[in-house]
Amino acid sequence: MSKQYVKKHAMERSRNICSPREKPITNLFSRKIYPIALQRTCSALSLSSLSLSLSQNSTDSSLTDSSTPIDHKISLALRLIAPAKRRETTPLPKIVLQPTSDALPNQEGPRRCNWITRNSDKVYIQFHDECWGVPVYDDNELFELLAMCGMLMDFNWTEILKRRELLREAFGGFDPNIVCEMGEKEIIEIASNKELTLAECRVRCIVDNAKCITQVVRECGSLSSYMWECVSYKPMINRFKYPKSVPLRSPKAEIISKDLVRRGFRLVGPVIVYSFMQAAGMSIDHLVDCFRHGECVSLAERPWRHV
């Protein structure tokens, strides 16, 4: 190694120690600056592009004035690009929807049993007000009620009552002597009636019960005598205050049901029999605060008026 090279290397080393290498100056205006309180998701503006947009869209001369400090420019820029305050709007008044008259409880007119509401069909209300709980002594009417209660296996009272006139026409006014003579042709014709929508097996049950009634009439004189003898010819008067207190069956209904089954009747379970007893006035089950309770009790306390 030559002396000239060693001397040159020593001089460069001494120069680096005495005068440290300065870091290169970066261009601040080339950096992207995110204003305070702005999310990084906002479009990042450089100072150059920010001032350009301000000069095009703002009429404030202080923003484009070169004498204005840069901090002041940034402050003014933030005011312009900040989201506008929401306008205070007067809240709309709350609208309270009133229920329709059909959804209201039964408040007008006489007080009825709780299961009668404004939603109840007129035919059902009429049945409650005029028939349900009224003692029945006519054989045809008792046969009709027994058949209707048997239909509760497939329909509710409203649906049955709406078909009542059609049922009377189809089954000869529920005269047991007429119904018991019905053959296959009449049974199929009734079962195919789309307005009645009765299954063929239900029609056969009614016809079979009519045949059993004729046997009861021969033995007891009438269906009415047989039925009312089961309750000693006097309706059972109940004083239920709440609907949940009204039973679906009773010990007396179970006794009558067993005897009817023994005689060949069909669709005469304890629940159906108790529904029949309620409808035929053999059991007064109107609630005590129903206007019909007192009226039906008055009828029930009268002497047995079977003719």
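Residues numbered from 1 in each chain as written. Predicted model: local features only at pLDDT ≥ 70, side-chain atom pairs only at ≥ 80, totals over all residues. Heavy atoms only, no water.

Per an unreviewed UniProt entry, the protein carries the name DNA-3-methyladenine glycosylase I and comes from Salvia divinorum.

Caption draft 1: Just unusual backbone geometry, in detail. Residues other than glycine seldom take positive phi values, yet Ser 232 does so here, at roughly 60°. In this fold, Ser 232 is placed in the loop between helix H12 (223-229) and strand E1 (236-237). Using a relative accessible area of 59% as the deciding quantity, one classes Ser 232 as exposed. Although it is not a glycine, Tyr 233 sits at a positive phi angle of roughly 60°. (Helix = DSSP H or I, 4+ residues; strand = E, 2+ residues; numbered from the N terminus. Buried < 20%, exposed > 50% of the residue type's maximum accessible area, 1.4 Å probe, protein only.)

Caption draft 2: Quick look at the side chain of Asn 209. Note on placement: Asn 209 falls in helix H11 (residues 200-220). Once residues within four sequence positions are removed from consideration, Asn 209 is found in contact with Phe 143, Phe 265 and Arg 266. (Contact = heavy atoms within 4.5 Å.)

Caption draft 3: Fine view of the UniProt feature "binding site: Zn(2+)" (unreviewed entry) in the protein. If you check UniProt for "binding site: Zn(2+)" (unreviewed entry), the listed places come out as Cys 113, His 128, His 286 and Cys 290 in our numbering. Considering the C-alpha atoms alone, the annotated residues occupy 178 residues of sequence yet fold into one spot, their largest mutual distance being 10.5 Å. Looking at the secondary structure, you find His 128 in helix H5 (residues 122-130). Judged by relative accessible area, His 128 falls into the buried class, the value being 2%. If sequence neighbours within four positions are ignored, His 128 has contacts with Arg 112, Cys 113, Trp 115, Ile 116, His 286, Cys 290 and Arg 292. Among the secondary structure elements, Cys 290 is positioned in the loop between strand E2 (283-284) and helix H15 (291-300). Once residues lying within four places of it in the same chain are set aside, the contact partners of Cys 290 are Arg 111, Arg 112, Cys 113 and His 128. (UniProt positions renumbered as here; feature names shortened; annotations may be inferred.)

Caption draft 4: Structural context of the side chain of Asn 238. Tracing the sequence through the fold places Asn 238 in the loop between E1 and helix H13 (251-262). Among the polar contacts listed, one links the side chain of Asn 238 to the side chain of Asp 285, at a separation of 2.6 Å. Apart from residues lying up to four places away in sequence, Asn 238 is in contact with Tyr 274, Ser 283, Ile 284, Asp 285, His 286 and His 293. (Polar contact = N/O pair within 3.5 Å; in protein donor to acceptor, adjacent residues only side chain to side chain.)

Caption draft 5: Region of the structure containing the packing of helix H6 (residues 139-150) against helix H14 (residues 270-279). Their axes nearest at 9 Å, the elements H6 and H14 cross at an angle of 135°. In terms of axis orientation, H6 runs oblique to H14. Read as a crossing pair, H6 and H14 show a hand that is right-handed. Residue-level contacts link Leu 142, Leu 145, Leu 146, Cys 149 and Gly 150 of H6 to Ile 272, Ser 275, Phe 276 and Ala 279 of H14. Partitioned by chemical class, the residues of the contact of H6 with H14 number seven nonpolar, two polar and no charged. (Axes fitted to C-alpha atoms, helices over the stretch in contact; angles between N-to-C directions. Parallel < 35°, antiparallel > 145°, perpendicular 65-115°, else oblique. Left-handed = near helix turned anticlockwise from the far one by under 90°. Nonpolar A, V, L, I, M, F, W, Y, C, P; charged D, E, K, R; others polar.)

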